[in-house]
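# A closer look at the structure
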Amino acid sequence: MSSSSSAPSPLAVLAQTRLLPAISPLDDAVVNAWADACVASGVLALELLLRGEGAEPAALGAIKRLTTSHPRLAVGVGTVFDAATAQRVCAAGARIVVSPITDAPTGAVCAAAGVDWLPGAFTPTEIAFAERSGATQVKLFPALAINAPAFLRSLLATRSASRIIPTNVSLEEIAPLVAAGAAGFGVGARLLSGADPRSAAAITERLRAALVTAGGAAY
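In this report, the structure presented in the accompanying data block is examined. None of the values given here were measured: they were computed from a predicted structure.

Let us look at the sheet that holds strand S6 (residues 120–121). Strand order in this open sheet of three strands is S6-S7-S8, and the pairing throughout is parallel. Looking at which strands have only one partner, the edges of the open sheet turn out to be S6 and strand S8 (164–166). As paired elements, strand S7 (residues 138–140) and S8 share three bridges and run parallel to each other. Within S8, the position partnered with Val-138 by the bridge is Ile-164. Sitting on the sheet, helix H6 (residues 124–132) touches S6, S7 and S8, and the angle it makes with S7 is about 155 degrees.

Dropping the structure here:
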């Protein structure tokens, strides 16, 4: 567990809450609402996605701001494809680096910086490579492109120790993925189901519902 003065390890948060929220950093009001909701719900990690023009400077600025305003929240960066980007975001204070792919040099940068790493994979071979590259949990990406519950059941029948994290899931998709053996979930805009993305109260409600459905516990 974290103290009130320091953020926990994001992978420790993910192991307990089974949730990793991921959002765009381009709208400060949205970032602030999600940060407030994460703290209120006990989901003490937030991933800022490097998607769209200006996303990287916006993410780095948000990390600096949230370190002061939400010190219990572990803030990281997603959609990282290479070691150079990983180096920049780690230097800026990211607590986790999330990737759509498994790039071993990116993992090495994170290990050297003491930053959590969640690489992406899509096939059993890619998942095995991610684990051999040092990943303790692996993002299933793109989970929406396949029947993810069926995939997980088949995979885990032969690799029961693997901890697989489908991402960009809705609240309704969590229960069948839990039954199939998912270790956690990336959530974001699809979790809101039309709720106001600038309403911390609405986001908190959805995160708490997701916690219950995922079988997680507040951190």
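A few words on the pattern of salt bridges. A complete count under the given rule lists five salt bridges for this structure. Close ionic contact of Asp-27 with Arg-198 constitutes a salt bridge, the shortest N to O distance being 2.4 Å. One end of the pair, Asp-27, is in the loop between strand S1 (19–23) and helix H2 (28–41); the other, Arg-198, is in the loop between helix H9 (189–192) and helix H10 (200–214), with 171 residues separating them in the sequence. When its relative accessible area of 24% is taken as the criterion, Asp-27 is described as partly exposed.

Rules and cut-offs
- Residues numbered from 1 in each chain as written.
- Predicted model: local features only at pLDDT ≥ 70, side-chain atom pairs only at ≥ 80, totals over all residues.
- Heavy atoms only, no water.
- Pairing = 2+ DSSP bridges.
- Helix = DSSP H or I, 4+ residues; strand = E, 2+ residues; numbered from the N terminus.
- Contact = heavy atoms within 4.5 Å.
- Axes fitted to C-alpha atoms, helices over the stretch in contact; angles between N-to-C directions.
- Salt bridge = Lys/Arg side-chain N within 4 Å of Asp/Glu carboxyl O.
- Buried < 20%, exposed > 50% of the residue type's maximum accessible area, 1.4 Å probe, protein only.

Distances and angles like these do not, on their own, reveal function.
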